[in-house]
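Architecture at a glance
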Amino acid sequence: MGERYTVTTRCTFCGQCQVECPVAAMGMSARGAVIDQGRCVGCGNCYRNCASQAIDALAADAAEGSVP
Amino acid sequence: MIPYDRLDTGQLREPARLLPVESAYDVAVVGGGPAGVGAAITAARQGARTLLVEQWSCLGGLTTLGLVAIPLDFVSGVGKEMFDALEALDALQWRNSDPEKHKLVLDRMVRGAGVEILLHTTVCEAIVAAGALRGVVIENIGGRQAILADRVVDCSGDGAVAAFAGCAFARGRDGDGMNQGVSTEFRLGGVNFAAYKAWVGSDPKWLRTIQLALQRGDLPYEVDNHLNWLTRIPGRPQGEGMDEVSICLAHSRRCDTLSARDLTRIALEGREQVDFLWKFIKKYIPGFERCWLIDTGPLLGVRDSRRILGDYVITARDIAALRKQDDVITVSHHGYDVHNPDGVGNIKWAEMEVDGETRYVICNGGGWGTTLMPPNGAPLTDYRGRGQGEAQFDAGGFYDIPYRCLVPRDVENLLVAGRCLSADFLAQSGCRLIMACLDMGQAAGTAAALSLRQQVTPRRLPVGDLQRTLVAQGMYLGQDKHAIPALAAMPAGAPAAEYTSIGQHLQRQ
């Protein structure tokens, strides 16, 4: 699988990542988009389609516990 | 030359005069923004002799002249081709586009489809006979002339052709008719984006920083209470402090987008706002210490003006309920997104009665991003009344835009596409994004050409024929998520679009 991804505070709630996610791993909370790391397959569609560059790619171990 | 012939009413009399016919086409598309580009390309590919009329010197509308480097919503058909072409020119990264290179991409795509382009030309009248559009009157450097067309697609954004043709329309929000806040987008260069990223987590939407600058007198008044958008333009050197960003922060309020006087006020006010905003950003926002102002978008960020009354009006309730429609021609996932008409902030919810109770409904999870909250601390819920933590928004859920929203009720042979579709104020605030407009354009252009080939009015075009053609062109109608009656009978390997001229086709008959 690919990299791990995490949503940062730059999220503007546009919802584009939810549309692009092939495995329905993107949720939305009052703090912005949320990645369900249990479902995420690391394809990077959310990362590539974020207009605000609000999603960061991390090494797999660094992503643990960093999801807002 | 007209004589000075002033009536007692104070008006001048313009005598009847002969109008030269500049040209005649199968399809005339008015407006070269995303909707017009989609409409012109698809009409031409269906074999129609097509003209695209644009009042500025380039295509793209808000994506180019408005500096809106954020082509959001579903990408399909011509949209996919556009993304590929942008990428090939290093003009697409993440979900951002380069407004300058985008102009060239669209020139080549539109010309490549065989469309004739007429720039620097304004449409100033509709030619109507027996309740049907027959063409438009234009004004340009050559004076006032007529362009005849068997079908007209109004992609002016303002529903200009439809209004000239006498179609009913709505404007602004219910009650006072005020339009959404209008933006003046601007670009800054010399940005250290990495430094900005490292800081912004401490004040994600600049809420605190804006308040601080107001207290210190570095902002004369509040143009918005938060940062709406900051997008990085692709194709610039990276990691060298030479990033370029496009920013949506300047806003004019209490706007009448159908008044040139008010548009003038907004343009002048926008440039004054950008002058103090960019200095504020340079002083307060880490990563911007060495930035400079590149430009302001020459095209104002108007989000709504006329909404042309069609055979159906898509409503706030439709989009909250993610309603699917048998005559779907494109889909959108974007919920309510109202830039406050008379003050700072954004409104991403709608008040409505559901199951006998008043609810403050959001459409998809993006509604959580609202900066203005419902009255009296009432909670936001989904359509079914489930609040935060319980609301289950179908990830990637979408609502349909029906073909009937593109067919004006009051005249034949005219279609509308883009932000002037038939919608109520709140529904329009959702389905007005760049790619939704381009997709509506694709549907309208295709419908214009198909209706000509079948020799029926667009209103009488069998919607299944349109939907099958759109799917064959690679458009996404949500067909994998819900049954579309006309597509159920679609044979595997649907026929490719025909590339013969309708003009020739009709001559042979």
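Note that the structure is predicted; figures quoted are calculated from it, not measured. (Residues numbered from 1 in each chain as written. Chains lettered and ligands numbered in written order. Predicted model: local features only at pLDDT ≥ 70, side-chain atom pairs only at ≥ 80, totals over all residues. Heavy atoms only, no water.)

Re the overall build of chain B
Looking only at helices and strands, one finds 13 helices and 22 strands in chain B. Relative to a compact globule of 509 residues, whose C-alpha radius of gyration would be 23 Å, chain B shows 23 Å and is just as compact. If one aligns the C-alpha atoms of chain B with their principal axes, the spans along those axes are about 70 × 60 × 50 Å. Of all 509 residues assigned to chain B, the portion counted as buried reaches 57%. The contacts in chain B between residues at least 6 apart in sequence include a share of 70% that link residues at least 24 apart. Element-wise, carbon and sulfur atoms account for 51% of the exposed surface of chain B, whose accessible area totals about 20,300 Å². One finds the centroid of the 52 positive side-chain charges in chain B at a distance of 1 Å from the centroid of its 59 negative side-chain charges. (Helix = DSSP H or I, 4+ residues; strand = E, 2+ residues; numbered from the N terminus. Rg over C-alpha atoms; globule rule 2.2 N^0.38 Å. Buried < 20%, exposed > 50% of the residue type's maximum accessible area, 1.4 Å probe, protein only. Contact = heavy atoms within 4.5 Å. Areas by Shrake-Rupley, 256 points an atom, 1.4 Å probe, with all protein chains shown as cover. Lys, Arg positive; Asp, Glu negative; His and termini not counted. Charge placed at Lys NZ, Arg CZ, Asp CG, Glu CD.)

Overview of the pattern of salt bridges
Residues and elements named next belong to chain B. Summed over all chains, the structure comprises 33 salt bridges over all chains. With its nearest N and O atoms 2.7 Å apart, the salt bridge here joins Arg-419 to Asp-158. Linking Arg-419 in the loop between β22 (414–416) and α9 (425–430) with Asp-158 in the loop between β8 (143–154) and α4 (160–164), this pair joins segments that are 261 residues apart in sequence. You can call Asp-158 partly exposed: its relative accessible area is 24%. (Salt bridge = Lys/Arg side-chain N within 4 Å of Asp/Glu carboxyl O.)

Here we look at the environment of Gly-33 of chain B
In this fold, Gly-33 of chain B is placed in the loop between β1 (21–30) and α1 (34–45). A relative accessible area of 14% means that Gly-33 of chain B is categorised as buried.

Some thoughts on the packing of aromatic side chains
Residues and elements named next belong to chain B. Applying the stated criterion to the full structure yields twelve aromatic pairs over all chains. Centre to centre, the rings of Phe-74 and Phe-398 are 5.9 Å apart; their planes meet at 90°, and the pair counts as edge-to-face. Note that Phe-74 is positioned in the loop between β2 (50–53) and α2 (78–88) and Phe-398 in the loop between β20 (380–381) and β21 (399–402), a separation of 324 residues in sequence. Summarising the aromatic geometry, the rings of Phe-193 and Tyr-196 are spaced 5.8 Å apart at their centres and angled 55° between planes, so their arrangement reads as tilted. On the criterion of helical spacing, the pair formed by Phe-193 and Tyr-196 is a turn pair, its members being three residues apart in helix α5 (residues 193–200). Pair check on accessibility: Phe-193 and Tyr-196 agree, each one buried. Through successive ring pairs, a cluster of aromatic residues spans Phe-193, Tyr-196, Trp-199, Trp-206, Phe-280, Tyr-284 and Phe-288. (Phe/Tyr/Trp six-rings, centres within 6.5 Å; stacked < 30°, edge-to-face > 60°.)

Regarding the side chain of His-251 of chain B
Residues and elements named next belong to chain B. With respect to the helices and strands, His-251 occurs in strand β12 (residues 243–252). Only 3.3 Å separates the side chain of His-251 from the side chain of Ser-183, close enough to count as a polar contact. For His-251, the side chain forms a polar contact with the main-chain oxygen of Leu-249, separated by 3.1 Å. (Polar contact = N/O pair within 3.5 Å; in protein donor to acceptor, adjacent residues only side chain to side chain.)

Observations regarding the layout of surface pockets
Estimates place the volume of the second largest pocket at around 590 Å³. What lines the second largest pocket is a set of 27 residues, among which Glu-20, Asn-45 and Asn-49 of chain A together with Val-75 and Arg-95 of chain B lie closest to the centre. Elements supplying a minimum of two residues to the lining of the second largest pocket: α1 (16–20) and α2 (45–48) of chain A together with α2 and β3 (92–93) of chain B. (1 Å grid on protein atoms, 1.4 Å probe; cavity = no way out; pocket = protein on both sides within 12 Å on 5 of 7 lines; lining within 4 Å. Points joined across faces, edges and corners; volume = space filled by probe spheres on them.)

Quick notes on the nonpolar core
Across soluble globular proteins, nonpolar side chains have a tendency to be buried as a group. All names here are of chain B. Met-82, Val-153, Ile-314 and Leu-421 are the most contacted members of the largest nonpolar core, which totals 85 residues. If one sorts the elements of this core by residue count, helix α10 (residues 434–454) sits on top with 13 residues. When residues of this core are sorted by domain, at least three fall in each of domain 1 (21–170 + 403–488) and domain 3 (334–395). Dropping the residues within four chain positions of it, Ile-314 is found in contact with Ile-319, Tyr-399, Asp-400, Ile-401, Pro-402, Cys-405, Leu-421, Ser-422, Ala-423, Asp-424 and Ala-427. Residues Val-191, Tyr-196, Val-200 and Ile-210 belong to the second largest nonpolar core, which totals 28 residues. (Core = buried A, V, L, I, M, F, W, Y, C linked by side-chain atoms within 4.5 Å. Domains from an automatic or database assignment.)

Structural notes on unusual backbone geometry
Residue and element names in this part refer to chain A. Its identity is not glycine, yet Phe-13 carries a phi of approximately 65°, on the positive side. Following the sequence through the fold, Phe-13 ends up in the loop between β1 (4–7) and α1. Exposure remark for Phe-13: the relative accessible area of 7% places this residue in the buried category. The phi dihedral of Gln-53 is positive, around 45°, even though this residue is not glycine. Mapped onto the secondary structure, Gln-53 falls in the loop between α2 and β4 (55–58). Look at Gln-53 and you get buried, because its relative accessible area is 3%.

These figures capture arrangement, not role.
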